[in-house]
Amino acid sequence: MAALLDPFAPRTPHEGVTSFERHLAGHRHWAEGHPASPAALRRALTFWTRLHGVLALELAGHFGGMDFDPALLFADEAANL
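This structure is a prediction, so every number in the text was calculated from the model and none was measured.

(A) Geometry of the overall build of the chain. Secondary structure summary: the chain contains four helices and zero strands in total. Along its sequence from the N terminus, the chain presents helices and strands in the succession α-α-α-α. Scaling as 2.2 N^0.38, a compact globule of 81 residues should have a C-alpha radius of gyration of about 12 Å, whereas the chain reaches 15 Å, well beyond that. Principal axes of the C-alpha set define a box for the chain whose edges measure 45 × 25 × 25 Å. Looking at the chain as a whole, 23% of its 81 residues qualify as buried. Of the charged side chains in the chain, 6 are positive and 9 negative; the average position of the first set lies 13 Å away from that of the second.

Now the structure itself:
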């Protein structure tokens, strides 16, 4: 996860603190000592899970028959994140 945490750690603060960020403050052993804030942990996890989800759905063929280009969806998700 360090490869994802490094780029997300120096971001500017966001508004408010989510309940998941409060949870991550005490459940960050998976970050292996990385100094990222709970907000950065959440952003890195969000990035990973959303892109993983799109890829998993495409590889499993779940977009078949939906008549859209999954590559464009992936590109849009990556840009949005």
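Let us keep going from here.
(B) Seen up close, the environment of Ala-39. The topology assignment puts Ala-39 in helix α3 (residues 38-59). Here Ala-39 falls in the buried class, since its relative accessible area comes to 10%. In the structure, Ala-39 is positioned 31 residues away from Pro-70 in sequence and 29 Å away in space, judged by C-alpha atoms.

(C) View of the environment of Ala-44. Assignment of secondary structure puts Ala-44 in helix α3. Here Ala-44 falls in the buried class, since its relative accessible area comes to 0%. Each C-alpha atom of the pair Ala-44 and Asp-6 lies 9.0 Å from the other, and the pair is 38 residues apart in sequence. Excluding anything up to four places from it in sequence, Ala-44 contacts Met-1, Leu-4, Leu-5 and Phe-8.

Conventions used here
Residues numbered from 1 in each chain as written. Predicted model: local features only at pLDDT ≥ 70, side-chain atom pairs only at ≥ 80, totals over all residues. Heavy atoms only, no water. Helix = DSSP H or I, 4+ residues; strand = E, 2+ residues; numbered from the N terminus. Rg over C-alpha atoms; globule rule 2.2 N^0.38 Å. Buried < 20%, exposed > 50% of the residue type's maximum accessible area, 1.4 Å probe, protein only. Lys, Arg positive; Asp, Glu negative; His and termini not counted. Charge placed at Lys NZ, Arg CZ, Asp CG, Glu CD. Contact = heavy atoms within 4.5 Å.

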